[in-house]
Amino acid sequence: MDKLEGYYFSALFSGCFLLSSVLFSKLTREQRDPYMDEIFHIPQAQQYCHGHFNQWDPMITTLPGLYLASVGIVKPVAWIFGWNETVVCSPGMLRFVNLLFSLGNLYLVYLIFCQVHFKHKVSSFRKILSALNLYLFPTLYFFTFLYYTDSGSTFFVLFTYLMCLYGNHKSAALLGFCAFCFRQTNIIWIIFCAGNVIADELTKARNIHMKKKDEKPVEKGTISEIADIIIFILRYMLSFKNVLTLLVLTWPYVILVIAFLGFLVVNGGIVVGDKSNHEVCFHFPQLFYFFAFTLVFSFPQLISLQKKKDFIKALKRHCCLYIAITCISLFLIWKFTYVHQYLIADNRHYTFYIWKKIFQRHELVKYILVPGYIYAAWSFADALKSKSILWLLMFFTCILGATVPQKLMEFRYFILPYLIFRLNIPIPSVTKLLLELALYISVNLVTFHLFLNKPFYWPDHEETQRFMW
């Protein structure tokens, strides 16, 4: 970044820290005790703070990355300032670790924008505004202020992706291991980084092959192009030399994937601890929920009059294809819709009300929404049309892996695929970015207002209950 841009970003960084600190202070005063999943995370971190590394709560489903990182941050600070154990291991101090991760996410998002779009002439203001928007992305920003794994998990995944883009794959793999220690499902984004490298190599090889054969390029975005690429990949992989080339390029990630497979065998599954409430299944409608979620939070980029016209043209041009997609979608919703007990039993989450007010109104509602899902998926793919087909195939495969196996409809599962999507689409105009910023700020204001000012009580519990994501 140039000197002036550096000053602008530094001012933004400082402002975000001050504003978030004020909000953090307010939220911590109102909710002093551990809340929701914090009742598992905070006591476990406190055990680690006291040096009891052999004690583990069997209800926790993730590896201890969050607790180890927290101890590694707060213990040296406590030693420098002479704080006692009560202060160091308090809920407020542990939550503050996530505020630091959140600020790290702001910086990483900005650097990734600069790296992904370095070939395009984008103003400093647009890059900085884009970074601010993703920093304030409502689902992620809310969990900045609670002791959850989201901020730290996102930090290490974004750091892994940044190192991958820089071509420093050993560092990327090491950071990917840290991300895996926060959440086991982050292995998908380690594979995504390896997929970036493979997609670039295959694209170069295909371009060379087409020049040698003097073949005319197939029309971009068509079924013919996808079929042509699949055939090329199959032929490419038949050569041991080509496979060896890919292994040499991606070996740090391959080692992590092999280690993950070993973990699955030893652990008996991906979930640590309470496996009963985190069953793996083929919940294909999760993919539709993700596209709808993305459409809502990126509406300035995905919804416009021109987009609608282009979508109608696509429908007319590939009528049979979209009829087939509609039929497949209806079948997947019919056969693979699951309703987790947490979704319908816990009225503290927004998803409870979305399911109750929309999906439970009538049995046919989930089918009526299919045209909207198809538009959302089309606009999602259209926004990424500057990417190669190989990159798109790799990204969509990772989205499938990140969303479909989850039985519970939970917006937190959509954070990383959404961020990767926003980081890779062309940076929007200032007007669209300001519209997006207004949406994010509005949603955040409502969310924090409900959490702080609208507590309620359950008849059989004395504890205060609060609305949240």
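None of these values were measured; they are calculated from a predicted model.

Student: Sorry if this is basic, but what is going on with a nonpolar patch on the surface here?
Tutor: A surface patch of nonpolar side chains, amounting to about 630 Å² of accessible area, comprises W79, I80, F81, W83 and V87. Top contributing element to the nonpolar patch by residue count: helix α3 (residues 65-81), with three residues. Looking at where V87 falls in the secondary structure, it is placed in helix α4 (residues 85-88). Note on V87: relative accessible area 36%, which makes it partly exposed.

Student: What am I meant to see in helix α16 (residues 319-336) here?
Tutor: Side chains that are three or four residues apart share a direction in an α-helix, a result of its 3.6 residues per turn. Between the first and last C-alpha of α16 there are 25 Å, a value that for 18 residues agrees with the 26 Å anticipated at 1.5 Å per step. Every buried residue belonging to α16 is among Y322, S329, L332 and I333, and all of these are buried. Looking straight down α16, one finds its buried side chains confined to an arc of 95°; they lie on one side. Among the exposed residues of α16, those pointing more than 90 degrees away from its buried face are C320, I328 and W334. Close packing links the buried residues of α16 with α13 (285-297), α15 (305-317), α19 (365-368) and α20 (370-383).

Student: Just checking my understanding: could you explain the pattern of salt bridges for this structure?
Tutor: A side chain with one charge may pair with a side chain of the opposite charge, provided their charged atoms come close. Under the defined criterion, the tally for this structure stands at 11 salt bridges. The salt bridge involving R206 is made with D228; its shortest N-O contact spans 2.8 Å. A residue pair is termed long-range when its members are at least 10 positions apart, and R206 in helix α10 (residues 187-213) and D228 in helix α11 (residues 223-237) qualify at 22 residues. Note that D382 is salt-bridged to K307, the shortest N-O span being 2.7 Å. Taken together, the residues span a long stretch of sequence, with D382 in helix α20 and K307 in helix α15 at a distance of 75 residues.

Conventions we followed
Along each chain, the written sequence defines residue order, and numbers are assigned to residues from 1. Local features in a predicted model are, by the rule used here, given only for residues with pLDDT of at least 70; side-chain atom pairs are given and counted only at 80 or more, and totals for whole chains, interfaces and linings are based on all residues. Calculation of side-chain values draws on the structure's entire complement of heavy atoms; hydrogens and water are dropped beforehand. The residues that make up patches have over 30% relative accessible area and no salt bridge, and they are joined within 9 Å when like-charged or within 5 Å when they are Val, Leu, Ile, Met, Phe, Trp or Tyr. Under the convention used here, a 1.4 Å probe and the Shrake-Rupley method define accessible areas, while residue burial counts only the protein chains that appear. Every case where a carboxyl oxygen of Asp or Glu lies within 4 Å of a side-chain nitrogen of Lys or Arg is listed as a salt bridge. Helix and strand definitions follow DSSP, with helices as H or I runs of at least four residues and strands as E runs of at least two, each counted in order from the N terminus. When a residue's accessible area, from a 1.4 Å probe over protein chains only, is under 20% of the maximum for its type it is buried; when over 50% it is exposed; and in between it is partly exposed. Given the number of residues in a helix, its expected span is that number minus one, multiplied by 1.5 Å. Here the arc refers to the set of directions running from the helix axis out to each C-beta atom. Residues count as neighbours in contact if any of their non-hydrogen atoms are within 4.5 Å of one another.

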